[in-house]
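# Overview (structure and organization)
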Amino acid sequence: MTSSNVRPETMERITTEALANAFIEEQIREIREQVGDGKVLLALSGGVDSSVVAALLIKAIGRNLVCVHVNHGFLRKGEPEQVIQVFRNEMNANLIYVDAADRFLEKVAGVSDPEQKRHIIGEEFIKVFDEEAHKLEGIGFLGQGTIYPDILESEKGIKAHHNVGGLPEEMKMELVEPVKLLYKDEVRVVGKALGLPENMVERQPFPGPGLAVRCTGAITRDRLEALRESDAILREEFANNGLAGKVWQYFTIVPDFKTTGIKDGARAFEWPCVIRAVNTKDAMTATIEEIPYALLAKITDRITHEVKGINRVLYDLTPKPTGTIEWE
Ligand code: XMP
């Protein structure tokens, strides 16, 4: 079903637990065949795709999978802590945690072009993994959570996803990409069948470069913190109001311009915060969630009062197309 020249357009889609189990068995066989006694290094971001790849690889090769969780500084609030808790403490994975936040922030300082930012972050990722690989003995493979829409959009040249494409020749690592022919919803069905925790399987998609693509233009530490805090408030309010499992993807964006406002009776020249909440099946097109007005007002009130540097909240009503889901 997933031999290398099969295109997903002609494959049976994975919609049931039985189909997911068949996929899992097949992938375990294929991974063992490809990897043998070799060791696989995996970038474990904690998102659905890499978590499912990690679980598949743990089933197939156990401790020969080395998971590396890089905190590049663009993760959501509480995320690195949760990855350590779930994978190291609960799943007993072979997990290395690398705090590289300062290093990434220095690399992208002053860089405002979106594709250049993605490129720098992608390149730095590869460097970090290369460094980790050199500290370890005999790593021959690189696991990746590439999914089919990543490949399609890269082929069309819409966007340079950091997690698709070439590794430097000298890294000598062969790719292991067991979910590369699946759509997001299928990855979730497989994740459930693998017994991953509900909150991990239902987690929203999150770009490899993370908050970096939502802190538009040249990233600064203070605006990045405002973004992280506003995103945490949005997620908390969606969870408290029954939208967390219902809306496909929701997040905030903090653009790199300021507008005039008033706080505590004084002029406040601060950033706006944009809310994005979309529904889609495969991320190729998307519609807008009709958030109840009262909830929008509450979120606006919380973000403008609790987040340092934000004086306005806007709701992006643009479907895909014409907008992409992310702003960069
Ligand atoms: P766009 O912005 O192209 O996003 O409409 C479509 C979906 O892809 C996610 N996305 C990424 N996922 N690596 C990923 O794994 C990335 O670099 C990346 N960039 C965007 C986006 O969040 C949306 O769900």
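With that out of the way, let us pick up the pairing of strand E2 (residues 65–71). Taken across its seven residues, E2 has seven buried, putting it largely inside the fold. Residues Leu65, Cys67, His69 and Asn71 of E2 are buried on one face, and the alternating residues Val66, Val68 and Val70, pointing to the opposite face, are buried as well. Summarising the sheet, strand E1 (residues 39–43) and E2 pair through four bridges and their orientation is parallel. When the sheet's bridge partners are listed, Leu41 is paired in E2 with Val66. As a crossover connection, the stretch from E1 through helix H2 (residues 48–61) into E2 is right-handed. Inspection of the sheet shows E2 paired to strand E3 (residues 95–99) by five bridges, in the parallel sense. Bridge assignment links Asn71 to a residue of E3, and that residue is Asp99. Read from E2 through helix H3 (residues 79–90) to E3, the crossover connection turns out right-handed.

Okay, the pattern of salt bridges next. Should the charged atoms of two oppositely charged side chains come close, the side chains can pair. Taken as a whole and judged by the stated rule, the model has 24 salt bridges. Salt-bridge contacts for Lys184 lead to Asp49; the nearest nitrogen and oxygen are separated by 2.9 Å. Of this pair, Lys184 sits in helix H7 (residues 184–193) while Asp49 sits in helix H2, placing them 135 residues apart in sequence. In this structure, Lys184 and Asp49 share a single accessibility class: buried. Between Lys192 and Glu202 there is a salt bridge; the shortest N-O distance is 2.8 Å. Of this pair, Lys192 sits in helix H7 while Glu202 sits in the loop between helix H8 (198–201) and helix H9 (221–240), and the two are ten residues apart along the sequence. Classification of Lys192 as partly exposed rests on a relative accessible area of 43%. If you follow the salt bridges from partner to partner, you end up with Arg103, Lys107, Glu124, Lys127 and Glu131 in one network.

Formed by 49 residues in total, the largest nonpolar core has its most connected members in Leu41, Val70, Phe74, Phe238 and Ile291. Counting residues per element, the ones that place at least two in this core are E2, helix H4 (101–108), helix H5 (114–135), strand E4 (139–143), H9, strand E8 (266–279), helix H10 (293–306) and strand E10 (310–315). Setting aside residues no more than four positions away along its own chain, Leu41 makes contact with Val66, Val68, Phe129, Ala133, Leu136, Ile139, Phe141, Leu142, Gly143 and Met173. Formed by 38 residues, the second largest nonpolar core is a distinct cluster that contains Ala20, Ala54, Leu194 and Met200.

The next thing to look at is the packing of helix H1 (residues 17–35) against H7. One can describe the packing of H1 onto H7 by two numbers: an axis separation of 9 Å at closest approach and a directional angle of 80 degrees. Put simply, H1 runs roughly perpendicular to H7. On H7, the residues touching Glu17, Ala20, Asn21, Phe23 and Ile24 of H1 are Val189, Val190 and Ala193. Residues belonging to the contact of H1 with H7 are distributed by class as follows: six nonpolar, one polar and one charged.

This paragraph deals with the packing of aromatic side chains. Any two aromatic rings considered together are summarised by their centre-to-centre distance and by the angle between their planes. Applying the stated rule across the entire model yields three aromatic pairs. Between Phe104 and Phe125, the ring centres sit 5.9 Å apart and the planes meet at 65 degrees, which makes this aromatic pair edge-to-face. Separated by 21 residues along the polypeptide, Phe104 in helix H4 and Phe125 in helix H5 bring together distant segments of the chain. Accessibility assignment for this pair places Phe104 and Phe125 in one class, buried. Here the basic side chain of Lys258 rests over the ring of Trp271, its NZ or CZ set 5.0 Å away from the ring centre.

Looking now at the sheet that holds E2. Taken in spatial order, the five strands line up as E3-E2-E1-E4-E5 in an open sheet, and their pairing is parallel. Edge positions in the sheet fall to E3 and strand E5 (174–176), since each has one partner strand and no second. Strand-to-strand twist in this sheet, taken as the mean axis angle between neighbours without regard to direction, amounts to 30 degrees. Where E4 and E5 come together, three bridges link them in parallel fashion. Counterpart to Leu142 in the pairing with E5 is Leu175. Sheet strands touched by H1: E1, E4 and E5. Its angle to E5, the strand with the most contacts, is close to 165 degrees.

With that out of the way, let us pick up the domain arrangement of the protein. By domain assignment, the protein separates into domain 1 (8–201) and domain 2 (214–315). Taking the mean C-alpha position of each, domain 1 and domain 2 sit 27 Å from one another. Tallying the contact residues gives 20 residues for domain 1 and 17 residues for domain 2. Interface of domain 1 and domain 2: buried area, both sides summed, is about 1,500 Å²; carbon and sulfur atoms make up 56% of it. Counting across the interface, domain 1 meets domain 2 through two salt bridges. Note that Lys77 and Glu229 form a salt bridge whose closest N and O atoms lie 3.1 Å from each other. Inspection of the region where domain 1 meets domain 2 yields seven residue pairs in polar contact (both at pLDDT 80 or more). Where the side of domain 1 that touches domain 2 is concerned, the elements lending two or more residues are H4, helix H6 (148–156) and H7.

Definitions and limits used
- Residues numbered from 1 in each chain as written.
- Predicted model: local features only at pLDDT ≥ 70, side-chain atom pairs only at ≥ 80, totals over all residues.
- Heavy atoms only, no water.
- Buried < 20%, exposed > 50% of the residue type's maximum accessible area, 1.4 Å probe, protein only.
- Helix = DSSP H or I, 4+ residues; strand = E, 2+ residues; numbered from the N terminus.
- Pairing = 2+ DSSP bridges.
- Right-handed = clockwise from strand over helix to strand, strands pointing away.
- Salt bridge = Lys/Arg side-chain N within 4 Å of Asp/Glu carboxyl O.
- Core = buried A, V, L, I, M, F, W, Y, C linked by side-chain atoms within 4.5 Å.
- Contact = heavy atoms within 4.5 Å.
- Axes fitted to C-alpha atoms, helices over the stretch in contact; angles between N-to-C directions.
- Parallel < 35°, antiparallel > 145°, perpendicular 65-115°, else oblique.
- Nonpolar A, V, L, I, M, F, W, Y, C, P; charged D, E, K, R; others polar.
- Phe/Tyr/Trp six-rings, centres within 6.5 Å; stacked < 30°, edge-to-face > 60°.
- Lys NZ or Arg CZ within 6 Å of the ring centre and 35° of its normal.
- Domains from an automatic or database assignment.
- Buried area = accessible area lost by both parts, 1.4 Å probe.
- Polar contact = N/O pair within 3.5 Å; in protein donor to acceptor, adjacent residues only side chain to side chain.

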